[in-house]
Amino acid sequence: MSQETDSNEISAKFSKLNVNALEFVPSFASTTASVATVAAVTPAVVPEPTETPTANTTTGTSSSGGGNTPTSAAATPTPPSSSAAPTPMDVKGDEEAKTPENNESEPLDSWDAEEDSILTPEDEEMELDDGEMDGENMAKMAKKKIVKVEESKSKKEHVNVVFIGHVDAGKSTIGGQIMSLTGMVDKRTLEKYEREAREKSRESWYLSWALDTNQEERDKGKTVEVGRAYFETEKKHFTILDAPGHKSFVPNMIGGAAQADLAVLVISARKGEFETGFDRGGQTREHAMLAKTAGVKHLVVLVNKMDDPTVNWDVERYNECKDKILPYLKKLGFNPTKDLTFMPCSGITGMGIKEQIDESICPWYRGPAFIPFIDELPSLNRKTDGPFIMPIVDKYKDMGTVLMGKVESGTARKGINLLVMPNRTQVSVDQLWSDDEEVTAVGPGENVKIKVKGIEEEDVSPGFVLCDASNPIKTGKIFDAQVVILEHKSIICAGYSAVMHIHCAAEEITVKALICLVDKKSGDKSKTRPRFVKQDQVAIMRIECSGLICLEQFKLFPQMGRFTLRDENKTIAIGKVLKVIE
């Protein structure tokens, strides 16, 4: 009896206030059919319906009792200030989440269907055993559902494209042209760039200014930092990484290549320019090799400047460039039938970038244009189910610490706790952006910015790794590795030091000991320890780093286990981590 009198008192209070039930439990209107069925199963400990205006709209018909069992606010013993009931703001957020701008309109049904299928009749009975709690449970359910609907995540597959090649081959110009053709840079901005470039007598550089944003890069016409931009096709979301071509900035280029899935090697067909880039001392060879070392799956070679007066879309010049570079790319391990593609194009005019080149200009090449071709490449298999791993490429301060990088494995959501290694500092995720769009979850392959709480910006360095707190990445100082000496005039023995680039980290290392030599053809290991190794040999050696770094065995996680050794501004060796010692 006391129960009935209590609920009668509450209903009396509600009727005196003459409130609209939807003001207190707005989610009743937006909950799906599943909640209606929950209402239908509610035990009949409810008093007579009061004359609340919305009582009829929120009434479920009970099949067993034959009458109407109201589930209005008048019948719910939840006080008006109950924290379980969402505020009108939550509902507003819910409605916003359903707008097409947030790309949530399609998956809404699938979320709801999932929610319905999870709730079996037994679960409903368990939830509604306690008659007094049913309103509260329903409010909680509705609140849970709102959180699910709000989840915003990029739907398209993310592919990172790095543009590499010798200085002045036209990498930034092609990047700017792609952005112009896909509508990522508006016409007015390009006209402004063109006007400014003309004032500096640099008319042909205006497209590159879309990616070379700082004044030094624009004045000298040289990319220094890795420029970033993105564009979308119907199927995929592409991030452009515009790597610097100058040999002084190769360490920056390695950082860009470490994030790439697809590399575009830009070579200039202009007389003299191709030869300068490809001969020893040019960057074409080194960049192609570094892309292979960084784990790039596919290489597209764009033969640029085909419209140049010295070339004029000449098939002989195109074939000459192709035939010279092909043996070198094969030697690096690129397979011409599977992961290597050649295409002619003109970055400044945009021919061969988005649309197929006109037959009257170039009758000998009838293959696809660049953007449609990369859009049709097969999907990459990403590690979505593994622990979260994101090597940090860059960081900055913005009302908190913002970390930038490419997610290599796993997923992260807003509010979860992660670990910054090798510091072992625990941080919580405050905000997430995927290519400048704010989202609530990020997955593998995405170039992201993550705002975290719990660490100062000065305590993070590029090369640190943001990872799963329960399954952190390995750290070590001494490890065994298989190393291929590519180009080194003298011999390498124990005590030799160089700079190692592994994922986004650059660390000084010393060769502690040479363990054995490996035969290139058979893979057999020598029985005796070598006293030294020289160019074109493969050796297993023990390496010691000057500081603690994040790394993983190559066979377990290739992206975190391959590295490059550089000395005196040259890449001298590439290697893979076999075993972390300490």
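As a reminder, the structure under discussion sits directly above these lines.
Because the structure is a prediction, the values reported are computed rather than measured. (Residues numbered from 1 in each chain as written. Predicted model: local features only at pLDDT ≥ 70, side-chain atom pairs only at ≥ 80, totals over all residues. Heavy atoms only, no water.)

Asker: What is the right way to read the packing of helix 14 (residues 283-293) against helix 15 (residues 315-332) from this model?
Answerer: Two measures define how a pair of helices packs: the angle their axes make with one another and the distance between the axes. At their nearest, the axes of helix 14 and helix 15 sit 10 Å apart, and the two run at 30° to each other. Relative to helix 15, the element helix 14 is oriented roughly parallel. Seen along the crossing, helix 14 lies across helix 15 with a hand that is right-handed. For the pair helix 14 and helix 15, contact is made by T284, R285, E286, A288, M289 and K292 and by I325, Y328, L329 and L332, respectively. Taken together, the residues of the contact of helix 14 with helix 15 sort by class into 6 nonpolar, 1 polar and 3 charged. (Axes fitted to C-alpha atoms, helices over the stretch in contact; angles between N-to-C directions. Helix = DSSP H or I, 4+ residues; strand = E, 2+ residues; numbered from the N terminus. Parallel < 35°, antiparallel > 145°, perpendicular 65-115°, else oblique. Left-handed = near helix turned anticlockwise from the far one by under 90°. Contact = heavy atoms within 4.5 Å. Nonpolar A, V, L, I, M, F, W, Y, C, P; charged D, E, K, R; others polar.)

Asker: Could you clarify how one ought to interpret the side chain of E275 in this entry?
Answerer: Looking at where E275 falls in the secondary structure, it is placed in helix 13 (residues 273-278). One polar contact links E275 to R317, side chain to side chain, over a distance of 3.0 Å. Those residues in contact with E275 that lie beyond four places of it in its chain are R270, R317, E320 and K324. (Polar contact = N/O pair within 3.5 Å; in protein donor to acceptor, adjacent residues only side chain to side chain.)

Asker: Explain the pairing of strand 19 (residues 497-502) here, please?
Answerer: Both faces of the sheet carry side chains from a regular strand, because those side chains alternate between them. One ladder, built from 6 bridges, connects strand 19 with strand 20 (residues 505-518); its direction is antiparallel. Across the sheet, the residue bridging to S497 is T510, located in strand 20. By the bridge criterion, 4 bridges tie strand 19 to strand 22 (residues 562-567) in an arrangement that is antiparallel. Paired with H501 across the bridge in strand 22 is T564. (Pairing = 2+ DSSP bridges.)

Asker: Just checking my understanding: could you explain the sheet that holds strand 18 (residues 475-485) for this structure?
Answerer: Sheet strands associate in pairs through backbone hydrogen bonding, adopting either a parallel or an antiparallel arrangement. Pairing in this closed barrel of 6 strands is antiparallel, and the strands run 18-21-20-19-22-23 around the ring. On average, each strand axis in the sheet is tilted by 45° relative to the strand beside it, whichever way the strands run. Relative to strand 21 (residues 538-550), strand 20 runs antiparallel, the two being bridged by 8 bridges. Of the residues in strand 21, the one forming a bridge with V518 is V538. Sheet contacts for helix 14: strand 22 and strand 23 (570-580); angle to strand 23, the most-contacted strand, approximately 10°.

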